[in-house]
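Below, each chain spelled out in residue letters.
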Amino acid sequence: MRARYPDQAGFIVRNGVKVAYEVFGAGSRTVLLLPSWSIVHSRAWKFQVPYLARHARVVTFDGRGNGLSDRPREAAAYDSAEFVADALEVLDAAGVDQAIVVGSSKGAGYALELASKAPERVAALFLIGPTLARLRPNEPESVAEPARAPRRRPVEAPAVGFNDRPTNPEGWALYNAHVWRQRFPDFLRFFFSQVFTEPHSTKPTEDATGWALETDGETLAIAEGSTYRAASRAELEKMVTRVHCPTIVVHGSDDQISPLATGEALAAALEADLFVIDDAGHLPHVKDPVTVNLAIRAMLDHTAEPPTQSLRRARALHRPPRVLFLSSPIGLGHSRRDVEIADELRRQRPDVQVDWLAQHPLTDLLERRGERIHPASACLANESAHLESESGEHDLHAFQSIRRMDEILVNNFMVFADLVEEQPYDAWIGDEAWELDHFLHENPELKRSAYVWLTDFVGWLPMPDGGEREADLTADHNAEMVEHVARYPRLRDRALFVGNADDIVPDVLGPQLPAIRDWTQDHFDFVGYVTGFDPAEVADTAAIRAELGYRPDEQVCIVTVGGSGVGADLLRRAIAAYPLAKEKLPALRMIVVSGPRIDPASLPSHPGLEIRPYVHDLYRHLAVCDLAVVQGGLTTTMELTANRRPFLYVPLRHHFEQNFHVRHRLDRYRAGHCVDYNEIEPDALAALITAEIGRSVDYRPVESDGARRAAERIAELL
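Structural notes, computed from the coordinates. (Residues numbered from 1 in each chain as written. Predicted model: local features only at pLDDT ≥ 70, side-chain atom pairs only at ≥ 80, totals over all residues. Heavy atoms only, no water.)

Topic: the sheet that holds strand E7 (residues 247-252)
So, point 1. Pairing in this open sheet of eight strands is mixed, and the strands run E1-E2-E4-E3-E5-E6-E7-E8 from one edge to the other. Sheet topology places strand E1 (8-14) and strand E8 (273-277) at the edges, where each strand pairs with a single neighbour. Neighbour to neighbour, the strand axes of the sheet diverge by 20° on average, direction disregarded.
So, point 2. Relative to strand E4 (residues 57-61), strand E3 (residues 30-33) runs parallel, the two sharing four bridges. Across the sheet, residue leucine 32 finds its bridge partner in E4, namely valine 59.
So, point 3. Seen against the sheet, helix H2 (residues 80-94) touches E1, strand E2 (17-24), E3, E4 and strand E5 (99-104) and runs at an angle of roughly 135° to E1.
So, point 4. The strands that helix H3 (residues 106-117) touches are E3, E5 and strand E6 (122-128); relative to E6, the one it contacts most, it runs at about 160°. (Pairing = 2+ DSSP bridges. Helix = DSSP H or I, 4+ residues; strand = E, 2+ residues; numbered from the N terminus. Axes fitted to C-alpha atoms, helices over the stretch in contact; angles between N-to-C directions. Contact = heavy atoms within 4.5 Å.)

Right, here's the structure in full:
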């Protein structure tokens, strides 16, 4: 799922070659994001498009040879002049007179040529990792002496030429036409290891490899046989003299494809600003998207028309404290506990103002509670919708799905970054707001407020059928988290674990990494569980049943799957089991709660079965039911545990949190009956309902003051 889809899409055709383009957003200013090499297509700009499109019109196109564009079979069709001509025609098709032109790698060369040939169409240039030579190592002829030496010794160039047939090629010898035709994936693995030299680059490497596999080695070999070449010193100097627009050159200090000296030389020749990103590789807009996005935005603002009047930001000297709360939309449980924490915070500090940056379906609950939802929430890309798009039959690979949500997470962090740059807050609270925690650690200079991190689990864990690959990936993610906290130990002013030390799984974060429990105890405060309600309010079961319309002689079974659409298959299984269970339990009353993202009309039904899209204060119904059938989410299962209700819980397949973290905690509380989804065909589920309904339980007590303790720790920061 993309964070933003185009407002306009189409094709231009030049000399029989079809080129696909997309347009996002609107406004008087335009950013043109150029293709680089044909090895990738315009999705390489996925972290820039959603952010920039909120501030300007954005135009992208797939360079010939990849994506939805044609793959011509003549080398001349890939000459740089053809890419420049494509860019001009795409601008015409989009109705754009002038644009800020952004180019990466070879695309920086196309941008220079575009500004040289059609200066009236280019308002400014933003050049990332400019490659002014072939991508294979050689001795580039620079236009000026480098200001500094490269940090690493350059990879040695192979002795075999591009069109020669190598013997047992390895390393840069894989940069060869014969290798590309026969061993294209081998080349890609090596090449992108040189592109992304930064640690923890597994995801961008996978993305880039996937985009590259949308073309083929033969096409890329034809493109490399074009007349694209390193400009000579004389040619480059002549081109530079025709470029007069504002220009920024961005280069990674650890670029192994185009050495930093190239960017330094180009910036000197253009008399342009040079922005060096320390320890970055060849594509910093992919690995450091926040840094690059903000730099492009700064150029965008600099080229805008000056305001007609001065603007002043009013700051009250003695205003009430303000808190911005970011609550994960992955499950409604976060919002329940977060609202309870916010209520406790307001009890302790009656003057505090709480704003919410939240998404559907959380916004529904918050609106019903009368909470203040910040208007910027409308700009968030929906994480729940992404997870639904990734789900199968009662199956959600939570780790991989969140990993593939990187584009959405970057977009949502940029929404946050814009908001807090414009409006001051005294504290930011993130409840499993992964984008907030990750990108603050990646960009600590953006921290301008007290910051509180909340979570109820620590540690990404691999599913057994993921094999060694998934074990490596989860360990890599955990290692990055450990490194973040070690590097910036004071970035989190409070790290609060919703639970107790014994609730933490007895696993390790990965090879040569700490035990999860030990590391969590070293870096978190434990506030106990947050139920989201006062158990004393539901202690009188008989009175509440009467109030809710349940008769004493009924056996009430509630089936609910939370706020996402992932649980529809479990609802169908329960619905199919209902008539079978009803035969054995004549007093059975089953209520199926579909939630905000499942259409009740899409579910089958039976006489006597109740299907409701929404139940107000569902926790009160769960507190007095005779049995609940739920997924393996922590909030609902712990509500049932706190209220000592019998329940069946069916963890989503491949959901590491439900299968490991939540199950470990419920086992500790001796709560619930865990059932494998494969074991709940209608007759089996009906038998389980018959056996479990009304059963006496012996659960460990759940503390009821977690929200108060969390609020106390937060209030200390105000």
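Remarks on the packing of aromatic side chains
So, point 1. Under the counting rule described, the total for this entry stands at 32 aromatic pairs.
So, point 2. Judged by centre distance (5.9 Å) and plane angle (55°), the rings of tryptophan 37 and tryptophan 180 are tilted. Within this pair, whereas tryptophan 37 is found in the loop between E3 and helix H1 (49-52), its partner tryptophan 180 is found in helix H4 (residues 177-195), the two being separated by 143 residues in sequence. Taken individually, tryptophan 37 and tryptophan 180 each receive the classification buried, so the pair is uniform in this respect.
So, point 3. Judged by centre distance (6.0 Å) and plane angle (45°), the ring pair of tryptophan 172 and tyrosine 175 falls under tilted. The pair formed by tryptophan 172 and tyrosine 175 is uniform in burial state, with each residue classed as buried.
So, point 4. Ring pairing ties together the aromatic residues Trp37, Phe162, Trp172, Tyr175, Trp180, Phe184, Phe187, Phe190, Phe191 and Phe192, which thus form one cluster.
So, point 5. Across from the ring centre of tyrosine 425, 4.3 Å away, lies the NZ or CZ of arginine 322, which sits over that ring. (Phe/Tyr/Trp six-rings, centres within 6.5 Å; stacked < 30°, edge-to-face > 60°. Buried < 20%, exposed > 50% of the residue type's maximum accessible area, 1.4 Å probe, protein only. Lys NZ or Arg CZ within 6 Å of the ring centre and 35° of its normal.)

Notes on the nonpolar core
So, point 1. In this structure, Ile39, Phe126, Phe187, Phe192 and Phe413 are the most contacted members of the largest nonpolar core, which totals 103 residues.
So, point 2. In this view, isoleucine 39 contacts Asn66, Phe187, Leu188, Phe191, Phe192, Trp211, Ala212 and Leu220; residues no more than four positions away in its chain are not counted.
So, point 3. Judged by nonpolar contacts, the second largest core, of 57 residues, contains Ala342, Val354, Val538 and Tyr649. (Core = buried A, V, L, I, M, F, W, Y, C linked by side-chain atoms within 4.5 Å.)

What to know about helix H24 (residues 682-692)
So, point 1. Buried within H24 we find Leu685, Ala686, Leu688, Ile689 and Glu692. On an axial view of H24, the arc spanned by its buried residues comes to 160°, and they lie on one face. Across from the buried face of H24, at angles greater than 90 degrees, the exposed residues are Asp683 and Ala691.
So, point 2. Glycine 694 lies just past H24 and shows a positive phi near 75°. (Arc of directions from axis to C-beta.)

With respect to the pattern of salt bridges
So, point 1. Counted by the stated rule, this structure contains 56 salt bridges.
So, point 2. Residue glutamate 554 pairs with arginine 551 through a salt bridge whose shortest N-O separation is 3.1 Å.
So, point 3. With a relative accessible area of 9%, glutamate 554 lands in the buried category.
So, point 4. A relative accessible area of 48% places arginine 551 in the partly exposed class.
So, point 5. One network of salt bridges, with partners in common, ties together Arg551, Asp553, Glu554, Arg589, Glu610 and Arg612. (Salt bridge = Lys/Arg side-chain N within 4 Å of Asp/Glu carboxyl O.)

A word on the environment of tyrosine 550
So, point 1. Positionally, tyrosine 550 belongs in the loop between helix H19 (541-548) and strand E16 (555-560).
So, point 2. C-alpha separation for the pair tyrosine 550 and isoleucine 693, spaced 143 residues apart in sequence, amounts to 15 Å.
So, point 3. If we skip the residues at most four places from it in the chain, tyrosine 550 touches Arg545, Val556, Ile558, Arg589, Ile591, His621 and Val624.
So, point 4. Polar side-chain contacts of tyrosine 550 include one of 2.7 Å to the side chain of histidine 621. (Polar contact = N/O pair within 3.5 Å; in protein donor to acceptor, adjacent residues only side chain to side chain.)

Quick word on the pairing of E16
So, point 1. Most of E16 sits out of view: five of its six residues are buried.
So, point 2. Bridge count between E16 and strand E17 (residues 588-593): six bridges; the pairing is parallel. By the bridge assignment, isoleucine 558 is partnered in E17 with isoleucine 591.

Quick look at the sheet that holds strand E10 (residues 353-357)
So, point 1. On the basis of which strands lie adjacent, the open sheet formed by seven strands has the order E11-E10-E9-E12-E13-E14-E15 and parallel pairing. Single-partner strands in this sheet number two, and they are strand E11 (372-373) and strand E15 (525-526).
So, point 2. Summarising the sheet, strand E9 (residues 322-327) and E10 pair through five bridges and their orientation is parallel. Of the residues in E10, the one forming a bridge with leucine 324 is aspartate 355.

A word on the side chain of lysine 287
So, point 1. For lysine 287, the position within the fold is in helix H9 (residues 284-287).
So, point 2. At 4.8 Å, glutamate 480 is the nearest oppositely charged side chain to lysine 287, a buried residue that forms no salt bridge.
So, point 3. A polar contact of 3.0 Å, which involves the side chain of lysine 287, links it to the backbone oxygen of histidine 200.
So, point 4. Excluding residues within four positions of it along the chain, lysine 287 makes contact with Phe196, Glu198, Pro199, His200, Ser201, Pro204 and Glu442. (Lys, Arg positive; Asp, Glu negative; His and termini not counted.)

Quick notes on the packing of H4 against helix H5 (residues 202-212)
So, point 1. Relative orientation of the contacting elements H4 and H5 amounts to 145°, with a least axis distance of 10 Å. Both H4 and H5 take part in a crossing whose hand is right-handed. Contacts from Phe184, Leu188 and Phe192 of H4 reach H5 at Thr205, Ala208, Thr209 and Ala212.
So, point 2. Classifying every residue of the contact of H4 with H5 by side-chain character gives five nonpolar, two polar and no charged. (Left-handed = near helix turned anticlockwise from the far one by under 90°. Nonpolar A, V, L, I, M, F, W, Y, C, P; charged D, E, K, R; others polar.)

Here's the deal with the packing of helix H22 (residues 634-642) against helix H23 (residues 656-668)
So, point 1. For the pair H22 and H23, interaxial distance at closest approach is 11 Å and the crossing angle is 5°. With respect to their mutual orientation, H22 and H23 come out roughly parallel. Residues Leu634, Thr637, Met638 and Thr641 of H22 form the contact with H23, whose own contacting residues are Val662, Arg665 and Leu666.
So, point 2. Across the contact of H22 with H23, the residue classes tally to four nonpolar, two polar and one charged. (Parallel < 35°, antiparallel > 145°, perpendicular 65-115°, else oblique.)

Some thoughts on the side chain of serine 335
So, point 1. Among the structural elements, serine 335 can be located in helix H11 (residues 333-348).
So, point 2. Beyond its immediate stretch of four places on either side in the chain, serine 335 contacts Ser327, Leu362 and Leu365.

Overview of helix H13 (residues 383-390)
So, point 1. Three or more residues of H13 are buried, namely Glu383, Ser384, Ala385, His386 and Leu387.
So, point 2. Close packing links the buried residues of H13 with helix H14 (398-403), helix H15 (406-422) and helix H16 (434-442).
So, point 3. Regarding H13, its N-cap is asparagine 382, as a side-chain oxygen of that residue lies 3.0 Å from the backbone nitrogen of serine 384 further along.

A look at the pairing of E8
So, point 1. Across five bridges, E7 lies against E8 in parallel orientation. The residue of E8 that forms the bridge with histidine 251 is valine 276.
So, point 2. Read from E7 through helix H8 (residues 260-270) to E8, the crossover connection turns out right-handed. (Right-handed = clockwise from strand over helix to strand, strands pointing away.)

Focus on the state of the cysteines
So, point 1. The full count for this structure, using the stated rule, is zero disulfides.
So, point 2. The structure places no disulfide on cysteine 674, whose sulfur is separated from the nearest cysteine sulfur, that of cysteine 557, by 17 Å.
So, point 3. The exposure class of cysteine 674 is partly exposed, given its relative accessible area of 23%. (Disulfide = S-S within 2.5 Å.)

Geometric descriptors of this kind do not, in isolation, establish any biological role.
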